[in-house]
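Secondary and tertiary structure notes
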Amino acid sequence: MCRNITTLRGLQPHATDEEIEAAARQYVRKVTGVQSLSDKTREPFEAAVAEITAITTRLLAELPERKQPPKNDPPLRRPEVRARMAARSQA
């Protein structure tokens, strides 16, 4: 399992669409080795992210609730990650 993908099942509040898509994107990056998109990789990469996001959303909805929340917060819930993302979008 990729260390950058965190457990989404059992989060309170539940995982957001953005968190699920971020996990799907990280998974696709890991299995393909694609870190930056080109004209040749963009369409299949984004299609895979969309499919995995949909599958993960459905899976999380169908699984029973966890008895305990995950030990780690997903990256999008960490203030330092949000600050880094905000700095990039302003640059």
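Above this text you will find the structure in question.
Below: a short report on this structure. The structure presented is a predicted model; accordingly, all values stated were derived computationally and were not measured. (Residues numbered from 1 in each chain as written. Predicted model: local features only at pLDDT ≥ 70, side-chain atom pairs only at ≥ 80, totals over all residues. Heavy atoms only, no water.)

A short note on the nonpolar core
Ranked by size, the top nonpolar core spans six residues in total: I5, L8, L11, A15, I20 and A23. When residues no more than four places from it in sequence are discounted, the contact partners of I5 are A23, Q26 and Y27. Grouped together as the second largest cluster of nonpolar side chains are five residues, A24, V28, V34 and V49 included. (Core = buried A, V, L, I, M, F, W, Y, C linked by side-chain atoms within 4.5 Å. Buried < 20%, exposed > 50% of the residue type's maximum accessible area, 1.4 Å probe, protein only. Contact = heavy atoms within 4.5 Å.)

Looking at the pattern of salt bridges
Where charged atoms from two side chains of opposite charge approach closely, those side chains can pair. Inspection of the entire model under this criterion finds five salt bridges. Between R77 and E19 there is a salt bridge, with its nearest N and O atoms 2.6 Å apart. With R77 in the loop between α2 (42-62) and α3 (79-90) and E19 in helix α1 (residues 17-32), this residue pair connects regions lying 58 residues apart in the sequence. Residue R77 is classed as partly exposed on the basis of its relative accessible area of 24%. Its relative accessible area of 5% is what places E19 among the buried residues. Here the salt bridges do not stand alone but share partners, grouping E21, R25 and E46 into one network. (Salt bridge = Lys/Arg side-chain N within 4 Å of Asp/Glu carboxyl O. Helix = DSSP H or I, 4+ residues; strand = E, 2+ residues; numbered from the N terminus.)

Any functional reading would require information beyond the geometric quantities listed.
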